[in-house]
Structure formats: structure tokens, C-alpha cells
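So you can see what is in the structure, the chains are spelled out below.
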Amino acid sequence: EDDFVERINEAITLAEVHELCGKRDFWCTAPCASEKTGEDLGGTRITLQATKHGGFDFSIRTPGTPKRWKLYDRELQYHWEK
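Conventions and cut-offs
Residues numbered from 1 in each chain as written. Predicted model: local features only at pLDDT ≥ 70, side-chain atom pairs only at ≥ 80, totals over all residues. Heavy atoms only, no water. Pairing = 2+ DSSP bridges. Helix = DSSP H or I, 4+ residues; strand = E, 2+ residues; numbered from the N terminus. Salt bridge = Lys/Arg side-chain N within 4 Å of Asp/Glu carboxyl O. Buried < 20%, exposed > 50% of the residue type's maximum accessible area, 1.4 Å probe, protein only. Contact = heavy atoms within 4.5 Å. Polar contact = N/O pair within 3.5 Å; in protein donor to acceptor, adjacent residues only side chain to side chain.

(A) A look at the pairing of strand β2 (residues 45-50). Summarising the sheet, strand β1 (residues 26-29) and β2 pair through four bridges and their orientation is antiparallel. Its bridge partner being in β2, C28 is matched across the sheet by I46. One ladder, built from six bridges, connects β2 with strand β3 (residues 56-61); its direction is antiparallel. Counted as the bridge partner of L48 is F58 from β3.

Written out as C-alpha cells, the structure reads:
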């Protein structure tokens, strides 16, 4: 919707954000470009997940999967060898 960003910016609670996003768990990822290859490594993830008790988990996640570890390992190795 045209006013989605405005409504997100005006949201005060996590419940309001979750409602605006279709009552689905979601995450957004800060861009993080590789200096070695130029590809997007996928930076920190901001997540919002509903819990079974009616609340929310709102978290910041750093690379935490084997695929992301490999991407960051290659990037850091590149910088250490410069």
C-alpha cells in the first residue's frame, strides 16, 4: 500500500508491526557488500517472530549458518591477506 512505510514508522508496538506485515514472522537484512567480489553477503538480520505465548521475539542476528559463515570467512581471509 502507498502509506505502508508511514504506517510502519508510526507503529509503537511489535504487535502493530506484526499486524502491518500480515501477521507473519519476518526479517530484514542490512546490506553488506563484499570488497572482494562485490556480492551482497547479507549483513545483520533484524527479526520479528510471534511466540506461542502471545508475545514476540525481536532479535538481531549476525551470520549464524554454515553458508553465511563461509561467505564471511572468505571475506575476512581476503582482508587479512591484503
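(B) Quick peek at the pattern of salt bridges. On inspection of all chains with the given rule, the structure shows three salt bridges. Between R7 and D3 there is a salt bridge, and its shortest N-O distance comes to 3.3 Å. Taking the relative accessible area as the measure of exposure, R7 reaches 29% and is therefore partly exposed. Its salt-bridge partner being E35, residue K82 comes within 3.7 Å of it at the nearest N-O pair. Of this pair, K82 sits in the segment after α3 (66-81) while E35 sits in the loop between β1 and β2; the two residues are 47 residues apart in sequence, bridging distant segments of the chain.

(C) Spatial organisation of the environment of S34. Looking at where S34 falls in the secondary structure, it is placed in the loop between β1 and β2. Excluding anything up to four places from it in sequence, S34 contacts E39, L41 and E75. Within polar-contact distance, the side chain of S34 engages the backbone nitrogen of K36 at 3.0 Å. Only 2.4 Å separates the side chain of S34 from the side chain of E75, close enough to count as a polar contact.

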